[in-house]
Amino acid sequence: QDRLIESGGGLVPPGGSLTISCAASGGTFNPAVMAWFRQTPGKEREFVAAIAMFNEGALYADSVRGRFTIIRDKTQKLMYLQMNYLKVDDTAVYYCAAPSFGTHMSDRPMQYDYWGRGTRVTVSS
């Protein structure tokens, strides 16, 4: 059973914008933290951003701060990543992640227990 389902990936020109989303499914699955990571072939999974679902707070990687905004809808168990001023280097498969418990926003993949299948974002002219 997929607990995290991403959607919204696609092809965008450099400088463009795209919003991807992640839905947490399952009646009792209600994570306190959700995060985005991304990965390109041959590279390790890279932290992008994380958000507290029931409190104020967000964490961003330096590479995306000021261009990306992470947004949550706690009542619908949805999380979005609004990406502006996209660069070719942002091309990757973007994964949604959540820990099984706790409220700590981590930038380390090993701190997350649930992962979506990913949505591909391609930035190209």
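Sequence order sets the numbering: in each chain, residues are counted from 1 along the sequence as written. Reporting of local features is limited, given that this is a predicted model, to residues whose pLDDT is at least 70; pairs of side-chain atoms are given and counted only at 80 or more, and all residues count toward the totals for whole chains, interfaces and linings. The side-chain numbers reported here are obtained from all heavy atoms of the structure, hydrogens and water having been left aside.

S.K.: Teacher, can you tell me more about the pairing of strand β4 (residues 33–39) here?
M.R.: Regular strands place side chains that alternate from one sheet face to the opposite one. Throughout this description, buried means an accessible area under 20% of the type-specific maximum (1.4 Å probe, protein chains only), exposed means over 50%, and partly exposed covers the range between. A run of H or I in DSSP counts as a helix once it spans at least four residues, and a run of E counts as a strand once it spans at least two, with each numbered from the N terminus. When you tally the buried positions in β4, you get 6 out of 7 residues, the bulk of the element. Pairs of strands are assigned from DSSP output, requiring at least two bridges between the strands. Strand direction decides the pairing type here: β4 and strand β5 (residues 46–52), joined by 6 bridges, are antiparallel. Bridging from a neighbouring strand, Arg38 pairs with Glu46 of β5. Count of turn residues in the β4/β5 antiparallel hairpin: 6 residues, of which Gly42 carries a positive phi of about 85 degrees. Sheet topology places β4 next to strand β9 (residues 92–98); 5 bridges connect them, and they run antiparallel. Counterpart to Ala35 in the pairing with β9 is Ala97.

S.K.: I keep staring at the side chain of Glu6 and nothing clicks. Help me out?
M.R.: If you trace the backbone, Glu6 turns up in strand β1 (residues 4–7). At 7.4 Å, Arg45 is the nearest oppositely charged side chain to Glu6, a buried residue that forms no salt bridge. Within the structure, the side chain of Glu6 is placed 3.1 Å from the backbone nitrogen of Arg117, a separation counted as a polar contact. Here a polar contact is taken to be a pair of N or O atoms separated by no more than 3.5 Å, where protein atoms must pair a possible hydrogen donor with a possible acceptor and residues adjacent in sequence count only if both atoms sit in side chains. Engagement of the side chain of Glu6 in a polar contact is seen with the backbone nitrogen of Gly118, the distance being 2.9 Å. Every residue pair with non-hydrogen atoms within 4.5 Å of one another is taken to be in contact. Residues contacting Glu6, with those up to four places away along its chain left out, are Ser21, Cys22, Trp36, Tyr94, Tyr95, Cys96, Gly116, Arg117, Gly118 and Thr119. A residue counts as positive if it is Lys or Arg and as negative if it is Asp or Glu; His and the chain ends are not included. Salt bridge, as used here: a side-chain nitrogen of Lys or Arg that lies within 4 Å of a carboxyl oxygen of Asp or Glu.

S.K.: What's the story with the layout of surface pockets in this structure? I'm lost.
M.R.: Over the atoms rolls a probe the size of a water molecule, and its path tells where empty space is left. Empty space within the largest pocket amounts to approximately 160 Å³. In this analysis a 1.4 Å probe is tested at points of a 1 Å grid over the protein atoms alone, and where it fits but cannot get out there is a cavity; an open set with protein on both sides within 12 Å along at least five of seven lines is a pocket; lining residues have an atom within 4 Å of a point. Along its surface, the largest pocket is lined by Arg38, Gln39, Thr40, Lys43, Glu44, Glu46, Ser63, Asp89, Thr91 and Ala92. Residue composition of the lining of the largest pocket, grouped by class: 1 nonpolar, 4 polar and 5 charged. Grid points are joined across faces, edges and corners, and a volume is the space filled by probe spheres set on the points. Three residue categories are used. Nonpolar comprises Ala, Val, Leu, Ile, Met, Phe, Trp, Tyr, Cys and Pro, charged comprises Asp, Glu, Lys and Arg, and polar comprises the others, including Gly.

The quantities given are spatial measurements derived from coordinates; they are silent on function.
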